[in-house]
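Notes for the structure review
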Amino acid sequence: MSTATVSFPSTGQRLRAGAVNGSPALLALVALVAIFAITATLQPGILSVPGLTLMLMSSVPLVLAAQAQMIIMSVGDIDLGIGFLVGLVTVIAATLFVDAPLLALASIVGIVVAYAVIAYVVQQRGVPSIIITLGMSFVWLGIGLQIRPTPGGETPAWLSVISTWRPTWFPAPVIFIIAATLIGWYVTRRARIGTRMRALGSQAPTLEKAGVSLAATRIAAYVIAAILMILAGLMLASQTWSGDINAASEYTLMTIAAVILGGGTFAGGRAMPIGTTLGAVTLGLITVLLSLINLPSSLQSAAQGLIVIAVLAGRIITERFVR
């Protein structure tokens, strides 16, 4: 009778694996600290509770949307409709929630159901996610323009109070950002569905052999992501006090960049909620920094892109080094 020998990874191997997995988030943190330091040097007034509140408030809906994109990317898909969907939610919040609350709730439920259908089509029919979500982005745009052709409206009082909450002892946006990160962390790293989502993105055949429904797993991922997108839209509407279908049009690419900056991959099977949050906040601070240095708006997108490329290059170099 032979005895199988089980080999465990050495301490060095575990440290190296931890460095490889954690280096992207660490690099995003370094970039965040560097950009924050430069911003604080240019505008020392941000080193206060009111200053941090103003600087970080716009990052809250972006963090929520980035967590949603991270969940979608963990199963190996990409959502190209996030921007217009978040904008549509702001339109619903500033129009239907005031004029027709029941219709507004029905619309929110309809968005969640639509994402469940999208997930089913992607899984069962083999339609690439980038194709169907790109098509749905135009659907969200059309619906939003039909409800409110021009920016405007007014959010209900219960929603507006969220952005006006200003505790004197701590920046309110930090609390919202931590809450959004904890949601993403629990779903992807602690809950059983998170393990299945990551397995779907990296080892789908193995997951199916284990008796887990691939369709149900993808649907769950899309539904959770849709809920986070809705929360992002509501948070954005609470800040702008109005609805605009184009209010978050740049979120689509920014959320993808945030996930990649934070350690995610396009191949799926990986979810880094803390890194994603760091990436999203970094992108938000870049916008603030470029505004402080009075860079022309026509050049801000180019500068932001160059900074993102520099951070990604640093990530590649760091990952090769730790290996």
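Further up the page is the structure itself.
A brief structural summary. Just so we're clear, the structure is a prediction, and the values are computed from it rather than from any experiment.

Calculation rules
Residues numbered from 1 in each chain as written. Predicted model: local features only at pLDDT ≥ 70, side-chain atom pairs only at ≥ 80, totals over all residues. Heavy atoms only, no water. Axes fitted to C-alpha atoms, helices over the stretch in contact; angles between N-to-C directions. Helix = DSSP H or I, 4+ residues; strand = E, 2+ residues; numbered from the N terminus. Parallel < 35°, antiparallel > 145°, perpendicular 65-115°, else oblique. Contact = heavy atoms within 4.5 Å. Nonpolar A, V, L, I, M, F, W, Y, C, P; charged D, E, K, R; others polar. Phe/Tyr/Trp six-rings, centres within 6.5 Å; stacked < 30°, edge-to-face > 60°. Buried < 20%, exposed > 50% of the residue type's maximum accessible area, 1.4 Å probe, protein only. Salt bridge = Lys/Arg side-chain N within 4 Å of Asp/Glu carboxyl O. Patch = residues over 30% accessible without salt bridge, like charges linked within 9 Å, V, L, I, M, F, W, Y side chains within 5 Å. Areas by Shrake-Rupley, 256 points an atom, 1.4 Å probe, with all protein chains shown as cover. Expected span 1.5 Å × (residues − 1). Bend = angle between axes of the 7 residues up to and from the residue. Polar contact = N/O pair within 3.5 Å; in protein donor to acceptor, adjacent residues only side chain to side chain.

With that settled, consider the packing of helix α3 (residues 59-74) against helix α8 (residues 172-190). Running from amino to carboxyl end, α3 crosses α8 at an angle of 10°, the nearest separation of the two axes being 9 Å. Taken together, the axes of α3 and α8 lie roughly parallel to each other. Two secondary-structure elements touch here, α3 through Ser59, Val60, Val63, Leu64, Gln67, Met70 and Ile71 and α8 through Pro173, Phe176, Ile177, Ala180, Thr181, Gly184, Val187 and Thr188. By residue class, the composition of the contact of α3 with α8 is 10 nonpolar, 5 polar and no charged.

Within the secondary structure, Gly87 sits in helix α4 (residues 82-99). Placed 97 residues apart in sequence, Gly87 and Gly184 show a C-alpha to C-alpha distance of 21 Å. In this view, Gly87 contacts Asp244, Ile245 and Ala248; residues no more than four positions away in its chain are not counted.

Before going further, it helps to spend a moment on the packing of aromatic side chains. The tally for this structure, following the rule as stated, stands at 5 aromatic pairs. For the ring pair Phe97 and Trp158, a centre distance of 5.6 Å and an interplane angle of 85° mean the geometry is edge-to-face. Here Phe97 is found in helix α4, whereas its partner Trp158 is found in helix α7 (residues 157-164), with 61 residues between them in sequence. With relative accessibility at 13%, the residue Phe97 sits in the buried group. What links up through ring pairs into an aromatic cluster is the set Tyr115, Trp140 and Tyr222.

What follows is about the pattern of salt bridges. Tallied over the entire structure, the rule returns 1 salt bridge. Arg218 is paired through a salt bridge with Asp77; the nearest N and O atoms lie 2.5 Å apart. Of this pair, Arg218 sits in helix α11 (residues 214-240) while Asp77 sits in the loop between α3 and α4, placing them 141 residues apart in sequence. The exposure class of Arg218 is buried, given its relative accessible area of 8%.

On to a nonpolar patch on the surface. Together, Leu26, Leu29, Val30 and Val33 line one region of the surface with nonpolar side chains, adding up to about 350 Å² of accessible area. Tracing the backbone shows Leu29 in helix α1 (residues 11-42).

Our next topic: α4. With 18 residues, α4 should reach 26 Å at 1.5 Å per residue; the first-to-last C-alpha distance of 25 Å fits that figure. Where α4 bends most, the angle comes to about 35°, and this point is Ile92. The buried count for α4 comes to 16 of 18 residues, which makes it a mostly enclosed element.

Let us now look at the environment of Thr39. Within the element layout of this structure, Thr39 appears in helix α1. With 246 residues separating them in the primary sequence, Thr39 and Leu285 have C-alpha atoms 8.1 Å apart. Excluding its chain neighbours within four sequence positions, the residues that come into contact with Thr39 are Ile46, Met55, Leu285, Val288, Leu289 and Leu292. Only 2.8 Å separates the side chain of Thr39 from the backbone oxygen of Ile35, close enough to count as a polar contact.

Moving on, we get to the side chain of Gln67. Within the element layout of this structure, Gln67 appears in helix α3. Look at Gln67 and you get buried, because its relative accessible area is 0%. A polar atom in the side chain of Gln67 sits 2.9 Å from the backbone oxygen of Pro273. Sequence-distant contacts of Gln67, that is, excluding residues within four places in its chain, are made with Ala180, Thr181, Gly184, Leu228, Pro273, Thr276 and Thr277.

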